[in-house]
Amino acid sequence: MGKESKRFLWSLLGILLLFFTVQNFGAVQMGFGMLLELILPLVYGCVIAFVLNLIVRQLERFLTFGPFRKRTFRRIVSILLSLVLVVGIAAVLVAGLVPEIRDSGAMLVERLPGYIRKLVDFCVLRLGLPESWFSDLERLDVGQVIQQMFQNGLIQQLLQSGGNLVGGAVSTMLDFLLGLCFSFYLLMQKESLIDGLKRLSRAYLKPETHRRLLYIGKTMNEIYGSFISGQCLDALILGAMVTVALALFRIPYALLIGIVIAFTALVPVVGAFLGGAVGVFLLMMVSLRQAVLFLVIFLVLQQVDNRLVYPHVVGSAVGLPAIWIFAAIIVGGNFGGIFGMILAIPLFALVYTLVAQDLKKREAAKQEEI
């Protein structure tokens, strides 16, 4: 069979497969969902192993003395230290944040009537609005509202929904723990696994296809590693800028808010706004004026980060122009939410790199023909 016939058959098969997928999209989506649930711990394990490997490699380069000269011992210690580092940072963040949010929530309920009174006075005295417009707002009783929510069964429904969420969270946690165990074995045997995959590729694929896959895998590893490093660096820069700015303006919780924003900023571009919302909530319990001042400072620094820091730090790390970074965020967010945003940028960078290299080869070939 000639090359043209094979190409025609593969094209026909692709068209039929696409037609079947469109006609049975619901069933295909359900099938992929069931498959994803089955392999989700393995997916978690691969993601955890990839992220931890960035730290493990640095630790292994440093731990080259004494008993660490033994490769197996050095690898185990490096993996455990990387886990301790990541879990420790998350634990410190949660331990510092949860009590503050709890206390701020209690203060909000206590101070809410005073805030409502100030808001009504501002609207009536400064803006000249009729006071009758706010009569229902002034009579608002938070305790009575909560009691009515109990009587109407809303709280029970929320608790029931919360129970479902808790069940889902427990299932996710179990998958995550299984993935964590799987990631340990991946990191311990990563060299042998890579060698095995290379042997399979070399044995079952054509030499040209084998070399192409090796190049794509190497490029993907470099781009995703650079993206994670760049994203972490950008988050640290934004958190440091917020902490310093709040300290200069003598706004409370400067360090805590800076850490929260740095942590949430790991989600590309939009994640920092969640940390900013937490900061506004904490400061509202102290002073509305300071909360508004923080919001202004945060929005200014966020614009500086989005327009100057992020495109250069993350964009240069993955080799992707700023316009494609924002396109990747929009497309990834629409398809996969936060997880889609995180994956879309390095995926766009990979496609961009491969297409750019192929374009250069084709242009060079045409120049030679001329």
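Bear in mind the structure is a predicted one, so any value in this text is a computation, not a measurement.

S.K.: Would you mind going over the nonpolar core in detail, with residue names and values included?
M.R.: Val242, Leu246, Ile257, Ile261 and Phe294 are the most contacted members of the largest nonpolar core, which has 23 residues in total. Listing elements by their share of this core, those giving two or more residues are helix H8 (207-248), helix H9 (254-264), helix H10 (271-284) and helix H11 (288-318). With residues near it in sequence (within four places) discarded, Leu246 still touches Ile251, Ala254, Ile257, Phe294 and Ile297. With 15 residues, the next largest nonpolar core counts Leu54, Phe227, Ile228 and Ile345 among its residues.

S.K.: Give a detailed account of the packing of H9 against H10, specifying residues and quantitative values.
M.R.: Between H9 and H10, the shortest axis-to-axis distance is 7 Å and the interhelical angle comes to 155°. Comparing the axis directions of H9 and H10 gives the class roughly antiparallel. The crossing of H9 and H10 is right-handed. The segment H9 lies against H10, with Leu256, Ile257, Val260, Ile261 and Thr264 engaging Gly271, Ala272, Leu274, Gly275, Gly276, Val278, Gly279, Leu282 and Leu283. Class assignment of the residues belonging to the contact of H9 with H10 gives a composition of 9 nonpolar, 5 polar and no charged.

S.K.: Which residues make up the packing of aromatic side chains, and what values go with them?
M.R.: Here the distance between the centres and the angle between the planes together describe a pair of aromatic rings. Under the criterion given, the structure shown has 7 aromatic pairs. Grouping aromatic residues by their ring pairs yields a cluster made of Phe62, Phe65, Phe68 and Phe73.

S.K.: If you had to explain the packing of helix H7 (residues 190-204) against H8 to someone new, which residues and values would you point to?
M.R.: Pairs of packed helices are described in terms of their axes, by the angle between the two and the distance that separates them. Contact geometry for H7 and H8: axes closest at 8 Å, N-to-C directions at 150°. The angle between H7 and H8 falls in the class roughly antiparallel. As H7 runs across H8, the sense of the crossing is right-handed. Along its contact with H7, which presents Lys198, Ser201 and Arg202, the element H8 presents His210, Leu213 and Leu214. Considering only residue class, the contact of H7 with H8 consists of 2 nonpolar, 2 polar and 2 charged.

S.K.: Lay out unusual backbone geometry in plain terms, naming residues and giving numbers.
M.R.: Residues other than glycine seldom take positive phi values, yet Arg250 does so here, at roughly 55°. When you line up the elements, Arg250 lands in the loop between H8 and H9. Here Tyr253, not a glycine, exhibits a phi torsion of approximately 60°, which is positive. If you trace the backbone, Tyr253 turns up in the loop between H8 and H9. For Tyr253, a relative accessible area of 27% gives the class partly exposed.

S.K.: Give me the lowdown on the environment of Arg71, citing residues and values where you can.
M.R.: For Arg71, the position within the fold is in helix H3 (residues 71-126). Classification of Arg71 by relative accessible area gives partly exposed; the value is 41%. For the pair Arg71 and Glu60, spaced 11 residues apart in sequence, the C-alpha to C-alpha distance is 8.8 Å. Leave out the neighbours within four places in its chain, and Arg71 touches Met188 and Glu191. Among the polar contacts made by the side chain of Arg71, one reaches the side chain of Glu191 at a distance of 2.8 Å.

S.K.: If you had to explain the environment of Val56 to someone new, which residues and values would you point to?
M.R.: With respect to the secondary-structure elements, Val56 resides in helix H2 (residues 25-62). Residues Val56 and Leu83 lie 27 residues apart in sequence; the distance between their C-alpha atoms is 9.4 Å. Setting aside anything within four residues of it in sequence, one finds Val56 in contact with Arg75, Ser78, Ile79, Ser82 and Leu187.

S.K.: Go over a nonpolar patch on the surface, please, and point to the residues and values.
M.R.: Taken together, the side chains of Leu197, Leu200, Tyr204, Leu205 and Leu213 define a hydrophobic patch exposed on the protein surface, amounting to about 550 Å² of accessible area. The element contributing the most residues to the nonpolar patch is H7, with 3 residues. Its location among the elements puts Leu200 in helix H7.

Rules and cut-offs
- Position numbers for residues count from 1 along each chain, tracking the sequence in the order it is written.
- Reporting in this predicted model follows two pLDDT cut-offs: at least 70 for local features of residues, and 80 or more for side-chain atom pairs to be given and counted; totals over whole chains, interfaces and linings ignore these cut-offs and use all residues.
- The side-chain numbers reported here are obtained from all heavy atoms of the structure, hydrogens and water having been left aside.
- Here, nonpolar core means buried Ala, Val, Leu, Ile, Met, Phe, Trp, Tyr and Cys residues that are tied together by side-chain atoms lying within 4.5 Å of each other.
- To sort residues, take the accessible area from a 1.4 Å probe on protein chains only and compare it with the maximum for the residue type: under 20% means buried, over 50% means exposed, and anything in between is partly exposed.
- To qualify as a helix, a DSSP run of H or I must reach at least 4 residues; to qualify as a strand, a run of E must reach at least 2; elements of each kind are numbered from the N terminus.
- Between two residues, a contact is recorded if the distance between any of their heavy atoms is within 4.5 Å.
- Only C-alpha atoms enter the line fits that serve as axes; for helices the fit covers just the stretch in contact. Angles between N-to-C directions range over 0 to 180 degrees.
- Note on angle classes: values under 35 degrees are labelled roughly parallel, values over 145 roughly antiparallel, values of 65 to 115 roughly perpendicular, and the remainder oblique.
- Two helices that cross are described as forming a left-handed crossing if the nearer one is turned anticlockwise from the farther one by less than a right angle, and a right-handed crossing if clockwise.
- As a working rule, the residues Ala, Val, Leu, Ile, Met, Phe, Trp, Tyr, Cys and Pro are called nonpolar, Asp, Glu, Lys and Arg charged, and the rest polar, with Gly in that last group.
- Two rings from Phe, Tyr or Trp (for Trp, the six-membered ring) form a pair when their centres sit within 6.5 Å of each other. Planes less than 30 degrees apart are called stacked, planes more than 60 degrees apart edge-to-face, and all others tilted.
- Counting of polar contacts relies on pairs of N or O atoms within 3.5 Å, with two restrictions inside protein: one atom must be capable of donating a hydrogen and the other of accepting it, and residues adjacent in sequence are counted only when both atoms are side-chain atoms.
- Every patch collects residues that have over 30% relative accessible area and no salt bridge, joining them within 9 Å if they carry like charges and within 5 Å if they are nonpolar side chains (Val, Leu, Ile, Met, Phe, Trp, Tyr).
- In this description, accessible areas are obtained by the Shrake-Rupley approach with a 1.4 Å probe, and a residue is regarded as covered only by the protein chains that are shown.
- Any carboxyl oxygen of Asp or Glu that lies within 4 Å of a side-chain nitrogen of Lys or Arg is treated as forming a salt bridge with it.

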